[in-house]
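# Descriptive structure summary
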Amino acid sequence: MNASNPEPVRGLSDASAELIETYFARVHSALLVSAAEECEEAVEDLREHIYEELSGTSGTPVDVARVLGELGTPEALAAECSAAATGGPRLAPAVRDGRSPLTGTLLGMPYELRLPTPERVAQRWWDPMEPKILVPRVFGLGWDVNFGAIAVRLGMIRPDDEDVPFGSVPEPWLALSALLPVLVAVAFAVLVALYQSALPPQVAVHWGITGAPDRFGSKESALLMPVAMTLLGLVILGMAWLRRRPPLSRVAAGALATMLCSISAATYGQQVVTAYAADEVGVLLPGMAFGLLVTFGLFVTLARIGRSVEMRRDLEGTSKKGSV
Amino acid sequence: MGNDTDSRLSQFRKGVVELAILALLHRGEAYGGEIVERLAGHPGLAISAGTVYPLLSRLKKSGLIDSLWRESPVGPPRKYYRLSAEGDVEFTAMAKAWDGVTDAMDGLLGKEVTR
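We now turn to the structure provided with this report. (Residues numbered from 1 in each chain as written. Chains lettered and ligands numbered in written order. Predicted model: local features only at pLDDT ≥ 70, side-chain atom pairs only at ≥ 80, totals over all residues.)

### Let's talk about the overall build of chain B
Each helix and strand counted, chain B has four helices and three strands in total. Along its sequence from the N terminus, chain B presents helices and strands in the succession α-β-α-α-β-β-α. Principal-axis analysis of the C-alpha atoms places the extent of chain B at approximately 50 × 35 × 25 Å. Expressed as a percentage of the 115 residues in chain B, the buried residues total 23%. (Helix = DSSP H or I, 4+ residues; strand = E, 2+ residues; numbered from the N terminus. Buried ≥ 20, exposed ≤ 12 C-beta atoms within 10 Å, placed from the backbone.)

What follows is the structure, encoded as C-alpha cells:
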C-alpha cells in the first residue's frame, strides 16, 4: 500500500523502531512454531499501522512500549491467535469479555485477529439494530459497512422489523440470494467465451481511477485472478448452503459471492473494453458499484419480505381471535 | 484512564437499562421507536437506539417480553412489545432488588435515605 520501504525507520528514533521490530519478530517466530500462518497477514497489517500512526510523531520509546503493551506479550498474542486459528483451546473467558489482545483498538483503528466465522461476517454486514454504519472489520484492520444501518437511516426498514434477520423469509426467496451471484458468474463465463480468444496477447490488468490502464500482462494470467475470485465466491456460497447455515449466514454468503463475482466480471469486462474501445471508458468502478447496490438491494428486499411475513402472521392471527 | 471510567459506567448501565425497559413496559405496551424516545427522555441513563434494540431482542429471546405486529392509529403497522407473565414476575423481583441496592448505595455514598 505504502510506496515507502518498511525497512527504514520512518522518522522514528532508532530505539523506538527497534522496539517495534523486536516485538513483531517475536510474534512471528512464535507463530512459526505454532504453525498458524493464517495470522501472519493480519499481524503484518498491525505492524504497518503502528508505523503509520507513529511516523512523524515524536514516538518516544516510552510511547511505543505503551502501545505494544496494549497488545500483551508477543508470545501471548501469537498463542491466542494460533489457538483461534486452529480451533484449539482458546482463552475463552478473556476473548468473551473483550479483553483479549486478539480484538480491540490500536491507535484509533479497530483490529480483529480472530478468524472470521460465517455468522460473525453476516452479523457485521447486516445488523439493523446497530446504528453505526462503519463497524470494525471482520478480519484484519479497519472497518466494514453495516448495510442494515444504512437501510434504517434511509427509512427502508426499522431496526426491529424482524425478530431474527431473514428468519421468517420463505426458502424460495432465500434461494434468490444464491441465484444472484450464480447469474453474475454465468454472465462472466459468457464474456470469457465470447472474447477470450479474440483478445490480444497482452491486456491491461490494472487501471487508474479514470479507467486508463497503467499495467499490462498476458491475457491468460490476467484471467487467473478474476476466475479465482469467482470460484472462491461460489465455494463460500456452496458451503453455506450445503451446511444449512442460518438464513442470515446464507444470505451474507450470497452477498459476498455477488460482490466477488461482480468485481471479477467487471475486471474482465474492463480488459475487453480497454482492448477494443477507448482507454478512458471505465467499467470497473460501475461494476463494483453494481455489486454493492445489488447486495444492498438483496438485503433490504429480504428483510422487507421477512417483515411482511411476520406482520401477516400477527395481523391475521389477531383478526381471527379478535383484538388483543 | 478515561476509557476505564467509561467502560465501568457502561458495565453498570447495562443491567439498569434492562430494568428500565421492563419498567416502561410494565406501564403498558409500546413499540420500539416509542421505547427509545421515552428512555432518551432520561438523559442520566444515556440510552441510545443502539442499546435498546439489541436489549429488546434479548429480552424477547429470554421470554420476558412478547412482541406483536398491530395496526397503528397512524401510519403502517408497528411491532408492539409488552411484558410476558414471566416478565411481570421478573420485573417485580428486580424492582424490589433495586430498592435494596439504592438504599444500600445511598448509605455508602453518604446520602440521606429518603425512603
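### Quick look at the environment of Pro172 of chain A
Its place among the elements puts Pro172 of chain A in helix 8 (residues 171-195). Once the C-alpha coordinates of Pro172 of chain A and Thr117 of chain A are considered, the two residues, 55 residues apart in sequence, prove to be 25 Å apart.

### Points about the sheet that holds strand 3 (residues 78-83) of chain B
Residue and element names in this part refer to chain B. The three strands lie next to each other as 1-3-2, forming an open sheet whose pairing is antiparallel. Bordering the open sheet on either side are strand 1 (30-31) and strand 2 (65-70), each of which pairs with just one other strand. Note that strand 1 and strand 3 share two bridges and pair antiparallel. The residue of strand 3 that forms the bridge with Tyr31 is Tyr80. (Pairing = 2+ DSSP bridges.)

### What to know about the environment of Thr117 of chain A
Residue and element names in this part refer to chain A. Along the polypeptide, Thr117 turns up in the loop between strand 2 (109-112) and helix 6 (118-125). A residue is classified by how many C-beta atoms lie within 10 Å of it, and Thr117, with 12 of them, is exposed. For Thr117 and Val138, which are 21 residues apart along the polypeptide, the C-alpha to C-alpha distance reads 8.9 Å.

### Focus: the nonpolar core
Residues and elements named next belong to chain A. Judged by nonpolar contacts, the single largest core of 45 residues is most densely connected at Ala252, Ala255 and Phe299. Contributions of two or more residues to this core are made by helix 6, helix 7 (147-153), helix 8, strand 6 (202-207), helix 9 (219-242), helix 10 (247-276) and helix 11 (284-321). Ranked by residues supplied to this core, first place goes to helix 10 with 15 residues. (Core = buried A, V, L, I, M, F, W, Y, C linked by C-beta atoms within 7 Å.)

### Things to note about the sheet that holds strand 2 of chain A
Residues and elements named next belong to chain A. Read across the sheet, three strands follow the order 1-2-4 without closing on themselves; strand pairing throughout is antiparallel. Each end of this open sheet is capped by a strand with a single partner; those strands are strand 1 (103-106) and strand 4 (140-141). In this structure, strand 1 lies alongside strand 2, joined through four bridges in antiparallel fashion. When the sheet's bridge partners are listed, Leu106 is paired in strand 2 with Met109.

### Considerations on helix 3 (residues 49-61) of chain B
Residue and element names in this part refer to chain B. In this model, helix 3 (13 residues) spans 18 Å end to end at C-alpha, consistent with the 18 Å of a helix rising 1.5 Å per residue. If you check which residues of helix 3 are buried, you get Ala49, Thr51, Val52, Tyr53, Leu55, Leu56 and Leu59. Count one or two residues on from helix 3 and you reach Gly63, which has phi positive near 85°. (Expected span 1.5 Å × (residues − 1).)

### Comments concerning the interface of chain A and chain B
Tallying the contact residues gives 12 residues for chain A and 13 residues for chain B. Partitioning the side of chain A that touches chain B into residue classes produces six nonpolar, no polar and six charged. (Contact = placed C-beta atoms within 7 Å. Nonpolar A, V, L, I, M, F, W, Y, C, P; charged D, E, K, R; others polar.)

### A short note on helix 10 of chain A
Over its 30 residues, helix 10 of chain A extends 43 Å from the first C-alpha to the last, a length consistent with the 44 Å expected when each residue adds 1.5 Å. Here helix 10 of chain A lies mainly inside the structure; 26 of its 30 residues are buried.

### Comments concerning the pairing of strand 2 of chain B
On a regular strand, one side chain projects to one face of the sheet and the next to the other, so that they alternate. Residue and element names in this part refer to chain B. The side-chain alternation of strand 2 yields one buried face, formed by Ile65, Ser67 and Trp69, and one unburied face, formed by Asp66, Leu68 and Arg70. Sheet topology note: the strand 2/strand 3 ladder contains six bridges and is antiparallel. Note that in strand 3 the partner of Leu68 across the bridge is Tyr80.

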